[in-house]
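Breakdown of the fold
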Amino acid sequence: MSNQMDSRKLEILKAIVTDYIMTGEPVGSRTLEKKYQLGISSATIRNEMSDLEELGYLDQLHSSSGRIPSAKGYRMYIDKLMTLESLSPEEVSFIEEKIITMAAFEIDKIMKQTAMMLSELTNLAVVAKKPSISKAHVKNIQLISMEKNTILAVIMVDHGAITHKLIRLNHSPEPEVLMNICNLLNLKLKDMNIEDINLHIVNSLKNDLEGYDELFLSILSAVYESLNEEAQENRYFVDGTSKILNYPEFSDVNKMKDFLGLLEQPDLLFHDVDDANEDMLITLGEELSLPEAKDFTIITTSYKINDENVGTINLIGPKRLDYSKVVSIINNVKKELGKRLNEEDVNDGG
């Protein structure tokens with residue numbers, strides 16, 4: 001922190017950011033003197049505000065108006081000055097009850113419900129990245145005879161996600177043959193992820209099922225392709241886009257176009273948090289290499305099972321955002337959801 005930013009300047013900056021978040025109006029020295037009991041005169045406050053503007057923490061839209069926080073000012077507030085707001089008992093109960101109702105869901109459905117809950121609680125738009133199964137380990141494989149010459153392969157992985165694929169064959173296998181192949185796949189592939197299924201594993205399985213090469217390879221290919229498709233798929237869920245319209249900042253058509261442009265490139269939104277390996281990351285629009293993001297704040301939070309990331313959610317809103325309340329909501333949801341995600345029945349797929 002710069003030596004030029006003494007405690008008085010920080011106190012004034014915190015008061016300006018707090019007031020601007022609440023009112024949306026530029027903040028003047030008289031407002032600060034009356035509302036925040038800073039113990040200094042209006043003239044002294046004006047001088048300090050002028051210094052803060054020169055240091056880049058405040059902007060002045062017009063010469064006769066008060067000041068508003070700059071991106072640098074918001075960053076200082078988020079990193080050093082923000083005091084987290086306690087949630088009401090009603091909000092805490094709402095979160096707990098919502099999460100309890102998720103008990104029977106698979107992990108990807110839990111992430112979708114969590115994103116919707118966060119949007120409802122924060123009045124922000126959300127973009128959720130569903131868990132990829134590229135690093136997930138096979139827990140169970142079921143092969144089910146369907147109609148003539150068709151088998152359904154159902155693959156469950158260790159964080160509860162389930163994928164399935166129809167396999168069409170030239171001939172229907174005998175039930176005992178299908179059961180043997182299923183047992184062998186579970187024996188050899190359990191606890192492996194897609195990157196573990198290499199040529200050595202394939203040859204080992206093939207040798208164990210000599211005489212059923214065509215049938216075995218058809219099933220194994222289907223299992224592998226199914227896992228690969230799920231791993232490569234862009235798995236995004238978007239909710240709460242209409243909530244952005246409630247913010248006066250986005251009554252401008254061009255800003256709404258920017259917002260929609262952000263939603264069209266979700267990979268770029270998630271890139272930074274993946275690299276930073278953070279549980280929560282607050283990014284101001286100017287900090288992203290996306291022109292469309294300049295007027296936005298993006299709060300990215302990840303959810304884990306046994307320290308492995310199983311899903312990520314972005315909350316998108318204006319820079320004039322009640323950060324202390326939003327962060328408190330996210331922290332509470334993470335705490336309650338963490339209890340749920342680490343329960344044995346979720347790991348077992350519910």
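Read on for a plain summary of the structure. Remember, it's a predicted structure, so these values are computed and weren't measured experimentally.

What counts and how
Residues numbered from 1 in each chain as written. Predicted model: local features only at pLDDT ≥ 70, side-chain atom pairs only at ≥ 80, totals over all residues. Heavy atoms only, no water. Pairing = 2+ DSSP bridges. Helix = DSSP H or I, 4+ residues; strand = E, 2+ residues; numbered from the N terminus. Axes fitted to C-alpha atoms, helices over the stretch in contact; angles between N-to-C directions. Core = buried A, V, L, I, M, F, W, Y, C linked by side-chain atoms within 4.5 Å. Buried < 20%, exposed > 50% of the residue type's maximum accessible area, 1.4 Å probe, protein only. 1 Å grid on protein atoms, 1.4 Å probe; cavity = no way out; pocket = protein on both sides within 12 Å on 5 of 7 lines; lining within 4 Å. Points joined across faces, edges and corners; volume = space filled by probe spheres on them. Nonpolar A, V, L, I, M, F, W, Y, C, P; charged D, E, K, R; others polar. Patch = residues over 30% accessible without salt bridge, like charges linked within 9 Å, V, L, I, M, F, W, Y side chains within 5 Å. Areas by Shrake-Rupley, 256 points an atom, 1.4 Å probe, with all protein chains shown as cover. Salt bridge = Lys/Arg side-chain N within 4 Å of Asp/Glu carboxyl O. Contact = heavy atoms within 4.5 Å. Parallel < 35°, antiparallel > 145°, perpendicular 65-115°, else oblique. Left-handed = near helix turned anticlockwise from the far one by under 90°. Phe/Tyr/Trp six-rings, centres within 6.5 Å; stacked < 30°, edge-to-face > 60°. Lys NZ or Arg CZ within 6 Å of the ring centre and 35° of its normal. Polar contact = N/O pair within 3.5 Å; in protein donor to acceptor, adjacent residues only side chain to side chain.

A few words on the sheet that holds strand E6 (residues 162-168). Here three strands make up an open sheet; going across it, the order is E4-E5-E6 and the pairing antiparallel. Edge positions in the sheet fall to strand E4 (138-145) and E6, since each of these pairs with one other strand and no more. With direction set aside, neighbouring strand axes in the sheet form an average angle of 20°. Relative to strand E5 (residues 150-157), E4 runs antiparallel, the two being bridged by seven bridges. For Val-138, the partnering residue across the bridge sits in E5 and is Val-157.

Another aspect to go through is the nonpolar core. Core analysis: the largest hydrophobic core is formed by 73 residues, its most contacted members being Leu-13, Leu-32, Ile-313, Ile-316 and Tyr-323. Of all hydrophobic cores here, the second largest spans 27 residues; its members include Leu-169, Ile-201, Ile-219 and Ala-222.

With that settled, consider the layout of surface pockets. Volume-wise, the second largest pocket comes out at about 330 Å³. Residue lining of the second largest pocket: 19 residues in total, with Tyr-20, Ile-68, Glu-249, Lys-255 and Lys-319 positioned closest to the centre. Partitioning the lining of the second largest pocket into residue classes produces nine nonpolar, two polar and eight charged.

On the surface, Ile-144, Met-146 and Leu-166 cluster together into a nonpolar patch covering about 260 Å² of accessible area. Relative to the helices and strands, Ile-144 resides in strand E4.

Glancing now at the pattern of salt bridges. Counting across every chain of the model gives 15 salt bridges. A salt bridge links Glu-287 to Arg-75; the shortest N-O distance between them is 2.9 Å. Here Glu-287 is found in the loop between strand E8 (280-284) and strand E9 (296-305), whereas its partner Arg-75 is found in helix H4 (residues 71-81), with 212 residues between them in sequence. Under the relative-accessibility criterion, Glu-287 is labelled partly exposed at 40%. With its nearest N and O atoms 4.0 Å apart, the salt bridge here joins Glu-120 to Lys-98. Residue Glu-120 is located in helix H6 (residues 107-122), and its partner Lys-98 is located in helix H5 (residues 89-100); the two are separated by 22 residues in the primary sequence. Assessed through its relative accessible area of 43%, Glu-120 is described here as partly exposed. Salt bridges sharing common partners tie together Asp-6, Arg-8, Lys-9, Glu-48 and Asp-51.

Right, let's get into the pairing of E5. Of all eight residues in E5, six are buried, a share of seventy percent or more. Linking two consecutive strands that pair antiparallel, namely E4 and E5, is a turn of four residues; a positive phi of about 60° is found at Asn-149 within it. One ladder, built from seven bridges, connects E5 with E6; its direction is antiparallel. Bridging from a neighbouring strand, Leu-152 pairs with Leu-166 of E6.

With that settled, the discussion passes to the environment of Ala-222. Topologically, Ala-222 is positioned in helix H9 (residues 213-232). Distance from Ala-222 to Ala-153, taken between C-alpha atoms, is 7.7 Å for residues 69 residues apart in sequence. Every residue in contact with Ala-222, bar those within four places of it in the chain, is listed here: Lys-165 and Ile-167.

So, on to the packing of helix H2 (residues 29-36) against helix H3 (residues 42-54). The contact between H2 and H3 brings their axes to 8 Å, and the two run at 120°. Classified by the interaxial angle, the pair formed by H2 and H3 is oblique. Between H2 and H3 lies a crossing whose hand is right-handed. In this structure, H2 uses Ser-29, Arg-30, Leu-32 and Glu-33 to contact H3, whose residues at the interface are Ser-42, Ile-45, Arg-46 and Met-49.

Counted under the stated rule, the structure contains three aromatic pairs. Ring geometry for Tyr-74 and Tyr-323: centres 6.0 Å apart, planes at 55°, overall tilted. Taken together, the residues Tyr-74 in helix H4 and Tyr-323 in helix H12 (residues 323-341) connect sequence positions 249 residues apart. Taken as a pair, Tyr-74 and Tyr-323 share a single burial class, namely buried. For the cation-ring pair, Lys-72 lies above Tyr-57, with the distance from its terminal atom to the ring centre recorded as 4.5 Å.

With that settled, the discussion passes to H4. It helps to recall that an α-helix has 3.6 residues per turn; residues three or four apart then point in one direction. Here H4 has its buried residues at Gly-73, Tyr-74, Arg-75, Met-76, Tyr-77, Ile-78 and Leu-81. For H4, the elements touching its buried residues are helix H1 (7-23), strand E2 (67-69), E8 and H12.

Here the focus is the side chain of Thr-122. Looking at the element boundaries, Thr-122 is found in helix H6. Looking at Thr-122, the relative accessible area reads 8%, which means it is buried. A distance of 2.6 Å separates a polar side-chain atom of Thr-122 from the backbone oxygen of Leu-118. Engagement of the side chain of Thr-122 in a polar contact is seen with the backbone nitrogen of Leu-124, the distance being 3.3 Å. Residues in contact with Thr-122, not counting those within four places in the same chain, are Tyr-247, Leu-315, Val-326 and Ile-329.

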